[in-house]
Amino acid sequence: MTMTSAEIRQSFMDFFAAREHAIVPSAPLMPTAPNLLFTNAGMNPFVPSFLGEREAPHPRVADTQKCIRAGGKHNDLDDVGWDTYHQTFFEMLGNWSFGDYFKKEAIAWAWELLTDVWKLPKERLYVTVYKPGPGDPAEFDQEAYDYWSAVLSASGLNPAERILTGGKKDNFWMMGDTGPCGPCSEIHIDLTPDGLTGGSLVNADSPYCIELWNLVFIQFNATESGEFLPLRHKHIDTGMGFERVAGIIATTKGFTDFSQPPSNYNSDLFAGIFTALESMSGHRYGATLPTDRQTVSALEMKDVAFRVLADHIRTLCCAIADGILPGNEGRNYVLRRILRRAVLYGHRLHLKDGFFCRLVDPVLDSLGEVFPELVQQQAIIRKVIASEESAFERTIERGLLMLERLFAQNPAIISGSDAFALYDTHGFPLDLTQIIAAEKGLSVDVEGFNREMEQQRERARAARSTQVIRVAEDTDGTQQTAFIGYDAANLTNAAVTVLAIVEAGEQQAVVLDKTPCYAEMGGQLGDHGVLHVGQLSLAIHDTRKDPSGTVLHLVDRIPEPATLIGTEGRLSVDLERREAIQRHHSATHILHWALRKVLGTHVQQAGSHVAPDRLRFDFSHFEALSPEQIQTIEILCQSKILRNDRVSWGEIPFSEKPADVIAFFGDKYGDKVRVVDIGGWSKELCAGTHVAATGEIGLLKIVSESAISAGTRRIEAVCGEAAAALVEDRFAILNSIARRLSTKPELIAVRLDDLQARLKEADSQVRAFKAREEAALAAQLGDKVFQHAGLRLLIVPLQADSPAELRDLSTRVFKENALDLLVTGASPEGKVSLIAMASPAAIAAGHKAGDVIRQLTTTLGGKGGGKPDFAMGGGSQPEKLIAVLQDFQQAILS
């Protein structure tokens, strides 16, 4: 009986658990490395352990890691749907050793799992080892070759036939240009019907010869000078594409039938989604593949759409569950593109608006047990997808209109720039633009599109800074300034020694052996203070870190600075400013807690600014907060502040960080981390300074809530003295308004309601009076209507205070006098407004409103235009209006 995907995944975990591996949960798709869009490989969460920055959670680990490859260096998006093995979301099964076992065990266990447990046919398997080509690093991996020879020989296979070699491209893994690296061995399976290719298809981009597993042997450190030095501790990093293995086992019916081409989509991971799509669309999935994207049959197009939708809904669900929401920038924009691509392909199946959200259920059924965050966040997942889908449905029409305009120009080919505009502005993927164009008998300039895309990538690359990766054991050990400012006893007259004085623009900066001054970091502003050294009293205007991590105390220029080097001094922090900053910093933690409580745990900090007089907190969320939500958040914050709970902090090993402690994307955490705990209900990793108890914060008031980009909101708030000043100011304003309205502050709303009701009644009376005036005027103008060529015409100036009023009056005059052509104008505020209205009979006779307005406004020193039946315009020469209208009437009659 063929194993299910769940059985395959579990057997992998059981196999390595039996070999003393700790089974750890998948890390979130939000990466910890700032230069990554998404977690895109199983090794991403373990990078700090490879670099020696953090102790590994266990010497041996196994897991299934959620990954997304869409955008950036690893981008499979454009191929998804058109073949059977590219996907934007996938699971990576992996086993890891951190300085424990190495090549012998990794090779033996990989072979044992594949052939003894999963029963893959040995005669169809091939392995590769590293053999350097010209200019490639290191030497031939004889060690791996020997271990593979022993394993294969024991299985009755000839190593000379089964072991292939590859150079740096295929068989040498590097984290970056520098850092941990090493040779690797890949295991490939021959899925041709007879299985007799002899390994000729390995790494030949054949869908019938697939890489199953990559065993990476991390044993070198690539230095900036180009050397590959042996690492003190060697590691194992393996990665197996779960969907790929499940698809192969399903396609071959447990390796009993090799008659069908392999497909990741044949496993039960996708069956539930396909069933839902079949029910919604009335079509069945036929598993067909296009041979040419330019000539796709209707059946092939439906199957492409099935695969696109099945892949993309998994990506969206898993990303949103991990707090990554569709938006306008970076990874958020990639998600938005993926969703839009799915919706556009859904249109190829004629699915109704809102269909995509209905695919969430089968994803939960398939992945909810192994990734419980999907079930926990399902309400947010549905709401975000429904909101994005609805918003995009409104923009699809604009993209289609652009295509229609391009088609109307009768081009021989859709230009690359136009195709890229459709992609970049309207979310139309290139493959879909090609399909729609082909239906019109047109092609697309793909090379031009690719040039535009590469230019965009170049701009993105230029915006990214290059990061040098170093292994901790190879650093030079430079000692940084010790921070002693967490202890309140050190904030006044702390004994320090001057190590250096460096240039800092128009100022200078003092470098000390230790300091109580907090250097700006994590959104918290740097401390101010006073340094007494020798006979000098130096005011510290700011405290910052330079790129190397050196703490700089910025001061005015010092006379004879060299005389201070090595001198002892006393440093005092500006306590009033520090305490105000601490109140706002602790308040951000409380605010973060309340936001997650009210909105959901998808809320993640996206930035902050902590100053003495205010705080700014940016967070991920997909819609504006209602006034009721803001009020609830503020009340929750205030209730926690009034409890006067203790605020404590302390360092723990990162590996021992409890699950309820929040860490932040982009922050680099070492082996030891600092946890700030507020009353046991708010726990965050944070290096900043805080109050000792929440009561010190005093009052917290939210000042504003706004959007800073799609999917990211911003709250600004004040607390302590700043909040008290705000309340005092607002009360003064309220009392002033009350006096002006001759009422009490608590009755202002009632008074305003009464005034608004009176204004509404007065406005209604004014409108009724104007309507009577307009009716009378329309009747009076009947005497000025004249007939010409069987048409009823009226060409007169009118009195109106605005273009809008002129339009309303003209519409009434046109209707009540049964006119065929009305040309009129007014001169509100010293400018000309002109209107023309024409009946179908007048248009047929050559009196098009748009042409009339363009003609007359030119004479009046302006411009205008519009449709044949209605047009408006303006001018800067009101003194000519009457004469222009008279001349136009005379021209008609002549």
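What you are looking at is a predicted structure, and each value in this text was computed from that prediction instead of being measured. (Residues numbered from 1 in each chain as written. Predicted model: local features only at pLDDT ≥ 70, side-chain atom pairs only at ≥ 80, totals over all residues. Heavy atoms only, no water.)

Student: Can you walk me through the packing of aromatic side chains in this structure?
Tutor: Any pair of aromatic rings gets described here by the distance separating the centres and the angle formed by the planes. Following the criterion strictly, the structure yields 28 aromatic pairs and no others. Both rings, one in Phe12 and one in Phe16, keep their centres 5.0 Å apart while their planes meet at 55°; by these two values the pair is tilted. Here the residue Phe12 and the residue Phe16 both occupy positions in helix H1 (residues 5-17), the gap between them amounting to four residues, near one helical turn. By relative accessible area, which is 0% here, Phe12 ends up buried. (Phe/Tyr/Trp six-rings, centres within 6.5 Å; stacked < 30°, edge-to-face > 60°. Helix = DSSP H or I, 4+ residues; strand = E, 2+ residues; numbered from the N terminus. Buried < 20%, exposed > 50% of the residue type's maximum accessible area, 1.4 Å probe, protein only.)

Student: Help me understand the nonpolar core, please; the structure alone is not making it clear to me.
Tutor: Among soluble globular proteins, nonpolar side chains are generally buried collectively. Counting 123 residues, the largest nonpolar core has Phe12, Trp118, Trp213, Phe356 and Ile385 as the members making the most contacts within it. Of the residues forming this core, the biggest block, 14 residues, is contributed by helix H9 (residues 298-321). When neighbours within four sequence positions are excluded, Phe12 is seen to be in contact with Ala62, Asp63, Leu93, Gly94, Asn95, Leu113, Trp118, Trp213 and Met240. Counting residues in each nonpolar core, the second largest holds 27 residues, with Trp593, Ala594, Leu599 and Cys719 among its members. (Core = buried A, V, L, I, M, F, W, Y, C linked by side-chain atoms within 4.5 Å. Contact = heavy atoms within 4.5 Å.)

Student: I'm lost on the pattern of salt bridges in this one. Help?
Tutor: A full pass over the atoms with the stated rule returns 30 salt bridges. One salt bridge in this structure joins Glu91 and Arg9, with 2.8 Å as the shortest N-O distance. Residue Glu91 is located in strand E3 (residues 89-98), and its partner Arg9 is located in helix H1; the two are separated by 82 residues in the primary sequence. Glu91 gets classed as buried once you look at its relative accessible area, which sits at 0%. Across the pair Arg758 and Asp754 runs a salt bridge, and its minimum N-O distance is 3.2 Å. Residue Arg758 and its partner Asp754 are both found in helix H20 (residues 748-780); the two are separated by four residues, about one turn of the helix. For Arg758, a relative accessible area of 53% puts it in the exposed group. Take Asp754: its relative accessible area is 30%, and that puts it in the partly exposed class. Overlapping salt bridges, with partners in common, bring together Glu20, Arg60 and Asp100 in one network. (Salt bridge = Lys/Arg side-chain N within 4 Å of Asp/Glu carboxyl O.)

Student: Please explain helix H10 (residues 330-348) as it appears in this structure.
Tutor: Helical geometry note: an α-helix holds 3.6 residues per turn, so side chains three or four residues apart project in the same direction. Helix length check: H10, at 19 residues, gives a terminal C-alpha distance of 28 Å against a target of 27 Å (1.5 Å per residue), a fit within 8%. With respect to burial, H10 is a largely interior element, 14 of its 19 residues being buried. Positive phi appears at His350, one or two residues downstream of H10, with a value of about 60°. (Expected span 1.5 Å × (residues − 1).)

Student: Would you explain a negative patch on the surface in this entry?
Tutor: On the surface, Asp574, Glu576, Glu579, Glu696 and Glu721 cluster together into a negatively charged patch. Residue placement: Glu579 occurs in helix H17 (residues 575-599). (Patch = residues over 30% accessible without salt bridge, like charges linked within 9 Å, V, L, I, M, F, W, Y side chains within 5 Å. Areas by Shrake-Rupley, 256 points an atom, 1.4 Å probe, with all protein chains shown as cover. Lys, Arg positive; Asp, Glu negative; His and termini not counted. Charge placed at Lys NZ, Arg CZ, Asp CG, Glu CD.)

Student: I tried to follow the packing of H10 against helix H13 (residues 378-408) on my own but got confused; where do I start?
Tutor: When two helices pack together, their arrangement is given by the angle between the helix axes and by the axis-to-axis distance. Their axes nearest at 10 Å, the elements H10 and H13 cross at an angle of 65°. At the point where H10 passes H13, the crossing takes the right-handed sense. Residues Arg336, Leu339, Arg340, Val343, Leu344 and His347 of H10 form the contact with H13, whose own contacting residues are Ile385, Glu388, Glu389, Phe392, Glu393 and Ile396. The class makeup of the residues in the contact of H10 with H13 is six nonpolar, one polar and five charged. (Axes fitted to C-alpha atoms, helices over the stretch in contact; angles between N-to-C directions. Left-handed = near helix turned anticlockwise from the far one by under 90°. Nonpolar A, V, L, I, M, F, W, Y, C, P; charged D, E, K, R; others polar.)

Student: In this structure, what is going on with the environment of Trp213? I would like to understand it.
Tutor: Looking at the secondary structure, you find Trp213 in strand E8 (residues 209-222). Trp213 gets classed as buried once you look at its relative accessible area, which sits at 0%. At a separation of 3.2 Å, a polar atom in the side chain of Trp213 contacts the side chain of Thr238. (Polar contact = N/O pair within 3.5 Å; in protein donor to acceptor, adjacent residues only side chain to side chain.)

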